[in-house]
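For reference, the chains in residue letters:
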Amino acid sequence: MTTLVSTFWLLKNNADGGTEYVCFRGDDESVEMLEGYHLPPQMPLIKRRSWLNRVDALSCRSRLERSEGFRHGAPLF
């Protein structure tokens, strides 16, 4: 089974030059998921914050990569 590292970023570029992001933080039973948008030089916008168990976080990560066009990338900030 794939595991999450302590911080894992998924990114998707937009036509306006901005980047949608999902950041997973934590590697135990509780994983924080931040969803947001960043268009430099503006401050990053956090759209939603939620807590998932490890299995749900892995499932969500897989879905985002498979069907929503997100790719693993370096931290935005």
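Refer to the structure printed above.
Scoring rules and cut-offs
Residues numbered from 1 in each chain as written. Predicted model: local features only at pLDDT ≥ 70, side-chain atom pairs only at ≥ 80, totals over all residues. Heavy atoms only, no water. Pairing = 2+ DSSP bridges. Helix = DSSP H or I, 4+ residues; strand = E, 2+ residues; numbered from the N terminus. Buried < 20%, exposed > 50% of the residue type's maximum accessible area, 1.4 Å probe, protein only. Contact = heavy atoms within 4.5 Å. Core = buried A, V, L, I, M, F, W, Y, C linked by side-chain atoms within 4.5 Å. Expected span 1.5 Å × (residues − 1). Arc of directions from axis to C-beta. Polar contact = N/O pair within 3.5 Å; in protein donor to acceptor, adjacent residues only side chain to side chain.

A. Focus on the pairing of strand β4 (residues 45–53). Of the pairings in the sheet, the one linking strand β3 (residues 30–38) to β4 comprises 8 bridges and is antiparallel in character. Note that in β4 the partner of Tyr37 across the bridge is Leu45. Here β3 hands over to β4 after 6 residues, the two strands then running antiparallel side by side.

B. Spotlight on the environment of Leu10. With respect to the helices and strands, Leu10 occurs in strand β1 (residues 7–13). Using a relative accessible area of 0% as the deciding quantity, one classes Leu10 as buried. Sequence-wise, Leu10 and Glu35 are 25 residues apart; in three dimensions their C-alpha atoms are separated by 9.5 Å. Aside from chain neighbours lying at most four places away, what touches Leu10 is Glu20, Tyr21, Val22, Phe24, Arg61, Leu64, Glu65, Phe70, Arg71 and His72.

C. Representation of the nonpolar core within the structure. In this structure, Phe8, Leu10, Val22, Phe24, Val31, Met33, Ala57, Cys60, Leu64 and Phe70 together form the largest nonpolar core, which totals 10 residues. Mapped by element, the contributors of at least two residues to this core are β1, β2 (19–25), β3 and α1 (54–67). Looking at which element gives the most residues to this core, the answer is α1, with 3 residues. Filtering out sequence-adjacent residues up to four positions away, Met33 remains in contact with Val22, Cys23, Phe24, Arg48, Arg49, Ser50, Leu52 and Cys60. Formed by 5 residues, the second largest nonpolar core is a distinct cluster that contains Leu11, Tyr21, Cys23 and Leu34.

D. Geometry of α1. Spanning 14 residues, α1 covers 20 Å between terminal C-alpha atoms, matching the ideal 20 Å at 1.5 Å per step. Of the residues making up α1, those classed as buried are Ala57, Leu58, Cys60, Arg61 and Leu64. Projected down its long axis, α1 shows its buried positions confined to an angular sector of 165°, all on one face. Looking at α1, the residues exposed on the side facing more than 90 degrees away from the buried face are Val55, Arg66 and Ser67. Lining the buried residues of α1 we find β1, β2, β3 and β4. Capping of α1 at its N-terminal end is provided by Asn53; its side-chain oxygen lies 3.1 Å from the backbone amide nitrogen of Val55.

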